[in-house]
Amino acid sequence: MATARTPLTVLDLVPVTTGSTASDALRNSLDLVRRAEQLGYSRYWFAEHHFNPGVAGTSPAVLLALAASVASAIRLGSGALQLGHRTALSTVEEFGLLDAAHPGRFDLGLGRSGGPVERDVPTKETAGSGGRTANGLLVPGRYSNEHLLRSPRLALHRGLLQLPGAESQAYDEQVADILALLAGTYAPDAGFETSVVPGEGAALQLWVLGSSAGISARVAGANGLRFAANYHVSPGTVLEAVEGYRQAFRPSAELDRPYVSVSADVVVADDEDTARELATGYGLWVRSIRSGEGAIAFPTPEEARRHIWSEEDRALVADRTGTQFIGTAPQVAERLRTLRDATGADELIVTTITHDHADRVRSYELLAAEWGLTAG
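This text gives an overview of the structure that appears in the document. (Residues numbered from 1 in each chain as written. Predicted model: local features only at pLDDT ≥ 70, side-chain atom pairs only at ≥ 80, totals over all residues. Heavy atoms only, no water.)

### Structural notes on the overall build of the chain
The line we're drawing: Helix and strand assignments follow DSSP, with helices taken as H or I runs no shorter than four residues and strands as E runs no shorter than two, numbered in order from the N terminus. Values of the radius of gyration come from C-alpha atoms, whereas the globule rule sets the reference at 2.2 Å times the count of residues to the power 0.38. For every residue, the accessible area (1.4 Å probe, protein chains only) is compared with the maximum for its type, and the residue is labelled buried under 20%, exposed over 50%, or partly exposed between those bounds. Contact between two residues is taken to exist if any of their heavy atoms lie within 4.5 Å; hydrogens are not considered. Here the Shrake-Rupley method, with its probe set to 1.4 Å, supplies the accessible areas, and only the displayed protein chains count as covering residues. When charges are counted, neither His nor the chain ends are considered; positive counts come from Lys and Arg and negative counts from Asp and Glu. Charge placement uses NZ in Lys and CZ in Arg. For Asp and Glu, CG and CD serve respectively.
Across its full length, the chain holds 14 helices and twelve strands. Computed over C-alpha atoms, the radius of gyration of the chain comes to 20 Å, within 12% of the 21 Å expected from 2.2 N^0.38 for 376 residues, which places it in the range of a compact globule. Referenced to the eigenvectors of the C-alpha coordinate spread, the extents of the chain come out at roughly 65 × 45 × 45 Å. Looking at the 376 residues of the chain, the share that counts as buried comes to 52%. Partitioning the intrachain contacts of the chain with sequence separation of at least 6 by distance along the chain shows that 75% fall at a separation of at least 24. Summed over all atoms, the accessible surface of the chain reaches about 16000 Å², with 54% contributed by carbon and sulfur. Of the side chains in the chain, 33 bear a positive and 45 a negative charge, and the two mean positions are spaced by 3 Å.

In structure tokens form, the structure reads like this:
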């Protein structure tokens, strides 16, 4: 049964699965871009990750250029660009080039990863063990990533992505500089005029992605930008994230009211048992990320079943496995509607990883049909 027409975005990490290569992953992602456009998805975003053997999405701008060569209508974007190891100028120039080649096609989604760590303090409402909203959305207890912040892998990540001795610009200042460079209003201390070509005046749609009510939500709101909240990464903080953004929102030339998209990890199949089988590797994959090892190649169900789980392992991934939407198209669509209504989302972002590419494509096909998307 068709649902109310809420736009759906595809979020792609360019996953590498066991037995495949980064080249295979790239070919699969470009095929999925074509299929997503045909199926009626509104946007296709690429995430940015580094030092993860199971994820090949290291450069959103390069991926977007490739995607634009195989699709003609779907909006393409970054979800999200890691500003911690970039400058405002390099960001505007990269996306200015993309817009010059394909005007009006791109979303510039900004993230905070790779920069100075801001530890968000739980509020009284978010510090507990979690529960369900009035309409039944599961909001688990808040996950703490303190152990990852001390990880040698994270230190290596920063050391190799940044030039020696470089320091990340404060996030709010960097976003302000990006906005000024795009608008042509950047005023350096030296007093002379600047112009970024290409970049200035680019027809980009700006988004900020965030997982809590911290600086990302505040910056998005204060600048009147669109905000994407990560239920699929941090389900325990999604409500505080969207509320923090809305409280901070100030109208801008771009928006006169808050505009929110919320993500979910989904697996759809023709029957529930098949969907659960396809999702079997998800917990082990999340464990590899949260343990600090880096994302492993996404395993087959058989490989995942061979893992011996400790109680510590299960606790590490419980919020993510418990909030993955798995089942038939009607089942998953109902849960997506619950997520939309609980968060007041204007759009939804869906991300799907299965071991076999055909199953991943089928998941998006079934959801598009159930959601009532218009095939191109």
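### Quick word on the packing of aromatic side chains
Our working definition: Aromatic pairs are defined between Phe, Tyr and Trp rings, using the six-membered ring for Trp, whenever the two ring centres lie within 6.5 Å; interplanar angles under 30 degrees are classed as stacked, those over 60 as edge-to-face, and all others as tilted. By definition here, charges over rings are those cases where NZ of Lys or CZ of Arg is within 6 Å of the ring centre and within 35 degrees of the ring normal.
Using the criterion set out here, one finds nine aromatic pairs in the structure. Over the face of the ring belonging to tyrosine 259 we find arginine 226, whose NZ or CZ atom lies 5.5 Å from the ring centre. The ring of tyrosine 143 has arginine 290 lying over it, and the distance from NZ or CZ to the ring centre is 3.5 Å.

### What about the pattern of salt bridges?
We count it as follows: By definition here, a salt bridge exists when the distance from a side-chain nitrogen of Lys or Arg to a carboxyl oxygen of Asp or Glu is within 4 Å.
One pass over the structure, following the stated rule, counts 21 salt bridges. Arginine 75 is the partner of aspartate 107 in a salt bridge, and the nearest nitrogen-oxygen pair spans 2.8 Å. Residue aspartate 107 is found in strand 5 (residues 106-111), and its partner arginine 75 is found in strand 3 (residues 75-78); the two are separated by 32 residues along the sequence. Through salt bridges with shared partners, one network takes in Arg35, Asp270, Arg362 and Glu365.

### Thoughts on the side chain of serine 363
Looking at the element boundaries, serine 363 is found in helix 14 (residues 357-371). The class of serine 363 is buried, set by a relative accessible area of 1%.

### Some points on the side chain of aspartate 319
Selection rule: Under the rule applied, a polar contact is a pair of N or O atoms within 3.5 Å (in protein, one hydrogen donor and one hydrogen acceptor; residues adjacent in sequence only if both atoms are side-chain atoms).
Relative to the helices and strands, aspartate 319 resides in helix 12 (residues 311-322). Assessed through its relative accessible area of 11%, aspartate 319 is described here as buried. Polar contacts involving the side chain of aspartate 319 include one to the side chain of arginine 290, which spans 2.5 Å. Among all residues touching aspartate 319, those that are not within four sequence positions of it are Pro140, Tyr143, Pro235 and Arg290.

### Details of the nonpolar core
Note the cut-off: Within this scheme, the nonpolar core is defined by two criteria: the residues are buried Ala, Val, Leu, Ile, Met, Phe, Trp, Tyr or Cys, and they are joined through side-chain atoms within 4.5 Å.
Core analysis: the largest hydrophobic core is formed by 96 residues, its most contacted members being Tyr41, Val262 and Leu336. For valine 262, the contacting residues outside a window of four places in its chain are Ala229, Tyr231, Val238, Val242, Leu339, Thr343, Ala345, Glu347, Leu348 and Ile349. With six residues, the next largest nonpolar core counts Ala269, Ala275, Leu278 and Ala279 among its residues.

### Comments concerning the pairing of strand 9 (residues 226-229)
Operational definition: By definition, the crossover connecting two strands over a helix is right-handed if that path, from the first strand to the second, turns clockwise as seen with the strands pointing away from the viewer. A pair of strands is considered paired only if DSSP assigns at least 2 bridges between the two.
With burial as the criterion, each face of strand 9 is covered, one bearing Arg226 and Ala228 and the other bearing Phe227 and Ala229. Once the chain exits strand 8 (residues 205-210) it traverses helix 7 (residues 215-222) before rejoining the sheet at strand 9, and the crossover so formed is right-handed. In terms of strand pairing, strand 9 meets strand 10 (residues 260-268) through three bridges, oriented parallel. The partner of phenylalanine 227 across the bridge, within strand 10, is valine 260.

### Describing the packing of helix 3 (residues 88-101) against helix 6 (residues 171-183)
Convention followed: Helix axes are fitted only over the stretch in contact, all axes being lines through C-alpha atoms; the angle between N-to-C directions runs from 0 to 180 degrees. In these notes the angle categories are as follows: under 35 degrees is roughly parallel, over 145 is roughly antiparallel, 65 to 115 is roughly perpendicular, and the rest is oblique. For any pair of crossing helices, the crossing counts as left-handed if the nearer helix is rotated counterclockwise from the farther one by less than a right angle, and right-handed if it is rotated clockwise. In the scheme used here, Gly and all other residues not listed as nonpolar or charged are polar, with Ala, Val, Leu, Ile, Met, Phe, Trp, Tyr, Cys and Pro taken as nonpolar and Asp, Glu, Lys and Arg as charged.
Two numbers describe how helix 3 lies on helix 6: the axes approach to 9 Å, and their chain directions differ by 45°. Considering the angle they form, helix 3 stands oblique to helix 6. Helix 6 is crossed by helix 3, and the crossing has right-handed handedness. Facing helix 3, whose interface residues are Ala88, Leu89, Thr91 and Val92, helix 6 presents Gln174, Asp177, Ile178, Leu181 and Leu182. Residues of the contact of helix 3 with helix 6, tallied by class, amount to six nonpolar, two polar and one charged.

### Describing the environment of glycine 131
Its location among the elements puts glycine 131 in strand 6 (residues 130-132). Counting along the chain gives 53 residues from glycine 131 to glycine 184, while the straight-line C-alpha distance between them is 47 Å. Setting aside anything within four residues of it in sequence, one finds glycine 131 in contact with Leu137, Leu138 and Val139.

### Here's the deal with the pairing of strand 10
Burial of strand 10 is extensive: nine of the nine residues sit out of reach of the surface. Because side chains alternate across strand 10, one face comprises the buried residues Val260, Val262, Ala264, Val266 and Val268, and the other comprises Ser261, Ser263, Asp265 and Val267, equally buried. Where strand 10 lies against strand 12 (residues 347-351), five bridges are found, and the strand directions are parallel. Bridging across to strand 12, aspartate 265 finds its partner in threonine 351. Where strand 10 meets strand 11 (residues 325-327), three bridges bridge the pair, whose relative direction is parallel. For valine 266, the partnering residue across the bridge sits in strand 11 and is phenylalanine 325.

### Focus on unusual backbone geometry
Each neighbour pair has its own omega, and for glycine 79 with alanine 80 the value is 15°, a cis peptide bond. By secondary structure assignment, the location of alanine 80 is in the loop between strand 3 and strand 4 (81-82). Of note, valine 14 is a non-glycine position whose phi angle comes to about 55°, a positive value. Following the sequence through the fold, valine 14 ends up in the loop between strand 1 (8-12) and helix 1 (22-39).

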